[in-house]
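Below are the chains, spelled out letter by letter.
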Amino acid sequence: MIAGGMTKFVKSNFREDFRLNVKKSFDYALKDAGMSVKDIDGSVSAYFSDHLQGQLIAGAMSNDFIGLAGKPSKRIEGGGATGGLAFQTAYEEIASGNMDTCLAYGFENMSHVGTWRGNDIIALGSDANFDYPLGGFYTAYYALMATRHMYEFGTTEEQMAMVSVKNHRNAINNPFAQAPMNITVDDVLKSPVVSTPLRMLDICLMSDGAACAILASEEVAKSFSGKPVLISAIGSSSDTMRLADRPFGDVPLLPNENSAMYRGLKYPGVHSFRAGRLAAKMAYDRIGIKNPEKEIDFAELYDAYTSAEIQAYEDMGFCPYGKGGKFIEEGNPELDGSLPVNMEGGLQASGHAIGATGIMQAVYAFWQLQGSMQKHMGNGKFQVKNPSRGLIHSHAGTGAYEAVTIMEAV
């Protein structure tokens, strides 16, 4: 990766459509790398929903608007993992030799429909013949999973609230974030219940925005960046759409785990995301990571719900299954903790413009590994000290798609 850019994620941006948002993020990245449109060989576009845009083939329209018409392009869609999967697809374009430079960009204008209609559209990311007709909205699905995690492992509402407090506080000095706030655990617990045990401040916001990443081959990268970042491994997996269809089996163990740790645990049940663990394991295996808690310096995790961030700690192997609540309680994912997570606010506070989100995570990780937070954010408050390896994690539906990418300073 040699450059990245994004717009501020906002609510109800009716003055700028998706094409202009894409152009703003692309122009930012081009300027940072000293590149022009002619230096880009092709692109991968990422957006979740034609319904939200009110437009089919919006990727082609965006390519035209930013000057890439006539060059290879494809669209990726994978629910909440759309941006992360598109980022990996751009990597594959480079790794295959198909391109020397590739733009991955994502966007969503979610507030162009009302909140209820937006939730209705997102709910189509469940089984439209089974879950959806029963009145399933995603907050209800995640509330079910959070309840099971609490039952299985003793996770508490207070521990989930700590995720919200951390991420909103982290975003206070982030100029791109939608919802920076200085809140307390008590504030979270007193916010309105949406679906027990999840409250308003346990849930991310719908956003309008765009983000982009420019990837290049090793040889070409040297021409445009003095500090490129290596994408050292990618991993992805999938699972059944319906939670009840997921068969029980053994936990896919990481090298620092053993089967005795999980004796008697019904896995994955509805408390954990098997595809997330498999995606992480694939990435770790490809570069020989034995203990992710010790070998990953920071992570950008999917936290559309506070419970999902706690589940991701475990799926990524940052702590054993069942210990995610303790992981946040002990301060490990804080900026000054042993493994900082979502240092700029995550989805909870930075926002969730679905197609852009996974690429937003990549841009933040890129800036962290470059040590350029001061340059891009206007302050160095988010900068992790001397990071060498970061992880980004994208997640779709109730874990039907998962993508994990490892990035390293070079």
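Since the model is a prediction, treat every value here as computed from it, not as a measurement. (Residues numbered from 1 in each chain as written. Predicted model: local features only at pLDDT ≥ 70, side-chain atom pairs only at ≥ 80, totals over all residues. Heavy atoms only, no water.)

### Considerations on the nonpolar core
This is how the line gets drawn: What makes a nonpolar core is a set of buried Ala, Val, Leu, Ile, Met, Phe, Trp, Tyr and Cys residues whose side-chain atoms join them at distances within 4.5 Å. Residue burial is assigned from relative accessible area. The probe radius is 1.4 Å, only protein chains are included, and a residue is buried under 20% of its type maximum, exposed over 50%, and partly exposed in between. The helix and strand labels rest on DSSP assignments: H or I over at least four residues marks a helix, E over at least two residues marks a strand, and numbering proceeds from the N terminus. Residues are treated as being in contact if the distance between any of their heavy atoms lies within 4.5 Å.
The biggest cluster of nonpolar side chains holds 47 residues, and the ones touching the most others in it are Tyr 142, Tyr 284, Leu 301, Tyr 313, Phe 318 and Leu 391. Secondary-structure elements contributing two or more residues to this core are helix 5 (115–123), helix 6 (138–153), helix 7 (157–170), helix 10 (274–287), helix 12 (306–315), helix 13 (324–329) and strand 11 (401–409). In terms of residue count, the dominant contributor to this core is helix 6 (six residues). Residues in contact with Leu 391, not counting those within four places in the same chain, are Tyr 284, Ile 296, Phe 298, Ala 299, Glu 300, Leu 301, Met 316, Phe 318, Val 404, Thr 405 and Ile 406. Residues Ala 211, Phe 298, Met 360 and Leu 369 belong to the second largest nonpolar core, which totals 43 residues.

### Observations regarding the packing of aromatic side chains
The line we're drawing: Stacked, tilted and edge-to-face pairs are distinguished by plane angle, under 30 degrees for stacked and over 60 for edge-to-face with tilted covering the rest, among Phe, Tyr and Trp rings (Trp via its six-membered ring) whose centres lie within 6.5 Å.
The tally for this structure, following the rule as stated, stands at 13 aromatic pairs. Aromatic side chains Tyr 138 and Tyr 141 sit 5.0 Å apart centroid to centroid with 80° between the ring planes, which places their arrangement in the edge-to-face category. Taken together, the positions of Tyr 138 and Tyr 141, both in helix 6 and three residues apart, correspond to about one turn of that helix. Here Tyr 138 matches Tyr 141 in class, with each residue buried. Ring geometry for Tyr 364 against Trp 367: centres 6.3 Å apart, planes inclined by 70°, an arrangement best described as edge-to-face. With a gap of three residues between them, Tyr 364 and Trp 367 both fall in helix 15 (residues 354–370), about one helical turn apart. Given a relative accessible area of 1%, Tyr 364 falls into the buried group.

### Looking at the sheet that holds strand 1 (residues 3–6)
What counts here: Any two strands with at least two DSSP-identified bridges between them are counted as paired. As a rule, the C-alpha atoms of each element are fitted with a line to give its axis, helices using only the stretch in contact, and angles between N-to-C directions run from 0 to 180 degrees.
Taken together, the five strands give an open sheet; going across it, the order is 1-7-4-2-3, and neighbouring strands pair in mixed fashion. Strands with a single pairing partner mark the edges of an open sheet, and in this sheet they are strand 1 and strand 3 (73–76). Between one strand axis and the next, the sheet turns by 15° as a mean value, whatever way the strands run. Note: strand 1 against strand 7 (residues 208–216), four bridges, orientation antiparallel. Paired with Gly 4 across the two strands is Ala 213, which belongs to strand 7. On the sheet, helix 3 (residues 58–66) packs against strand 2 (42–46), strand 3 and strand 4 (101–109) and is oriented at approximately 120° with respect to strand 4.

### Thoughts on the pairing of strand 7
Where burial is concerned, most of strand 7 is hidden: nine out of the nine residues are buried. Burial along strand 7 is two-sided: the face carrying Asp 208, Ala 210, Cys 212, Ile 214 and Ala 216 and the face carrying Gly 209, Ala 211, Ala 213 and Leu 215 are both buried. Pairing geometry for strand 4 and strand 7, over nine bridges, is antiparallel. Looking across to strand 7, one finds that Asn 109 is bridged to Asp 208.

### Concerning the pattern of salt bridges
The test is simple: Salt bridges are counted wherever a side-chain nitrogen of Lys or Arg sits within 4 Å of a carboxyl oxygen of Asp or Glu.
Per the stated rule, a full pass over the model turns up 22 salt bridges. The shortest N-O distance in the salt bridge between Glu 157 and Arg 199 comes to 3.5 Å. Of the two residues, Glu 157 is situated in helix 7 and Arg 199 in strand 6 (residues 198–199); the sequence distance between them amounts to 42 residues. Accessibility expressed as a relative area gives 26% for Glu 157, which makes it partly exposed. For Arg 199, a relative accessible area of 18% corresponds to the buried category. Ionic pairing is found between Asp 239 and Arg 274, a salt bridge with its closest N-O pair at 2.6 Å. Taken together, the residues span a long stretch of sequence, with Asp 239 in the loop between strand 8 (229–238) and helix 10 and Arg 274 in helix 10 at a distance of 35 residues. For Asp 239, a relative accessible area of 14% translates into the label buried. Salt bridges here are not isolated pairs; linked through shared partners, they connect Asp 127, Arg 242 and Asp 245.

### Details of the side chain of Ser 350
Here Ser 350 shows up in helix 14 (residues 346–350). Not counting the four nearest positions on each side in its chain, Ser 350 is found in contact with Phe 9, Asn 174, Phe 176, Ala 177, Gln 178, Glu 344, Gly 345, Met 360 and Tyr 364.

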